[in-house]
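Remarks on the overall topology
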Amino acid sequence: MMGRNLFENAREAVNRFTQNRDGNGNQQMSQEDMQAAKQAIQSAYSQCSQQEKQELQQLEQQLENHHQSLR
């Protein structure tokens, strides 16, 4: 049950980060969001199924791609 929550947290954190395009160009906020999302993903890794791990890897990739596009 605990793993489920961590997994959901990771997914939500990535969504928050990738949808944080409010046009303000608030780079500092997105940097903190990215760290939070990465930590959420790392936390979830330790307590999730193999299938969820694959989804976490995709989320991490999404995070990286989004981060690159912000530069």
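The following paragraphs examine the structure supplied in this document. (Residues numbered from 1 in each chain as written. Predicted model: local features only at pLDDT ≥ 70, side-chain atom pairs only at ≥ 80, totals over all residues. Heavy atoms only, no water.)

A look at the overall build of the chain
Counting secondary structure elements, the chain contains three helices and zero strands. Counting from the amino terminus, helix and strand elements in the chain follow one another as α-α-α. For the chain, the proportion of its 71 residues judged to be buried stands at 32%. The long-range share in the chain, meaning contacts at least 24 apart out of those at least 6 apart in sequence, stands at 69%. Total accessible area on the chain is roughly 4700 Å²; 43% of this is exposed by carbon and sulfur atoms. (Helix = DSSP H or I, 4+ residues; strand = E, 2+ residues; numbered from the N terminus. Buried < 20%, exposed > 50% of the residue type's maximum accessible area, 1.4 Å probe, protein only. Contact = heavy atoms within 4.5 Å. Areas by Shrake-Rupley, 256 points an atom, 1.4 Å probe, with all protein chains shown as cover.)

Let's talk about the environment of Gln42
One can find Gln42 in helix α2 (residues 27-45). Along the chain, Gln42 and Leu6 lie 36 residues apart, while their C-alpha atoms are 9.3 Å from each other.

Description of the pattern of salt bridges
By the definition in use, this model includes three salt bridges. A salt bridge links Glu8 to Arg11; its shortest N-O distance comes to 3.5 Å. Here the residue Glu8 and the residue Arg11 both occupy positions in helix α1 (residues 2-18), the gap between them amounting to three residues, near one helical turn. The exposure class assigned to Arg11 is partly exposed, which follows from its relative accessible area of 25%. Linking Glu64 and Lys38 is a salt bridge whose minimum nitrogen-to-oxygen distance equals 2.8 Å. With Glu64 in helix α3 (residues 50-70) and Lys38 in helix α2, this pair connects stretches of sequence that are 26 residues apart. Look at the salt bridges and you will find they share partners, linking Glu8, Arg11 and Glu55 into a network. (Salt bridge = Lys/Arg side-chain N within 4 Å of Asp/Glu carboxyl O.)

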